[in-house]
Amino acid sequence: MIDQAVCSDSASAGVMMLRDIAELFATRPGQPDWIASSELVTDLIMMEDRP
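Sequence order as written defines the numbering, with residues in each chain counted from 1. pLDDT decides what is reported in this predicted model: residues at 70 or higher carry local features, side-chain atom pairs at 80 or more are listed and counted, and totals for whole chains, interfaces and linings draw on all residues regardless. To get the side-chain values, all heavy atoms of the structure are used, and hydrogens and water are removed first.

Chemist: Any chance you could explain the environment of Asp 20 here in plain terms?
Modeler: Helix numbers and strand numbers start at the N terminus; a helix is a DSSP run of H or I with at least 4 residues, a strand a run of E with at least 2. Relative to the helices and strands, Asp 20 is located in helix α1 (residues 4–27). In this scheme, a residue with accessible area under 20% of its type's maximum is buried, one over 50% is exposed, and one in between is partly exposed, where area comes from a 1.4 Å probe on protein chains only. Exposure remark for Asp 20: the relative accessible area of 5% places this residue in the buried category. Spatially, the C-alpha atoms of Asp 20 and Met 47 are 9.0 Å apart, while their sequence positions differ by 27 residues. The contacts of Asp 20, once residues within four sequence positions are left out, are Leu 44, Met 47 and Arg 50. We call two residues in contact when some of their heavy atoms are within 4.5 Å.

Given below as structure tokens:
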């Protein structure tokens, strides 16, 4: 049986990450159509207030 709290936390973290990625796209100079996954990972890791 799947714990509902775990699912909710995972979904919340996933939504948070998608919002952070959208913000990265929006704030990049020239608003690119794509960002290399290695750059996304680096930028996401640098966000200190995120899980």
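Chemist: Would you explain the pattern of salt bridges in this entry?
Modeler: Side-chain pairing between opposite charges can occur once the charged atoms of the two side chains come close. Only one rule defines a salt bridge in this text: a Lys or Arg side-chain nitrogen within 4 Å of an Asp or Glu carboxyl oxygen. Scanning the entire structure with this criterion turns up four salt bridges. Salt-bridge contacts for Asp 43 lead to Arg 28; the nearest nitrogen and oxygen are separated by 2.1 Å. Of this pair, Asp 43 sits in helix α2 (residues 37–45) while Arg 28 sits in the loop between α1 and α2, and the two are 15 residues apart along the sequence. Given a relative accessible area of 21%, Asp 43 falls into the partly exposed group. Across the salt bridge formed by Asp 49 and Arg 50, the nearest N and O atoms sit 3.7 Å from each other.

Scope: geometric values only; no functional claims are made or implied.
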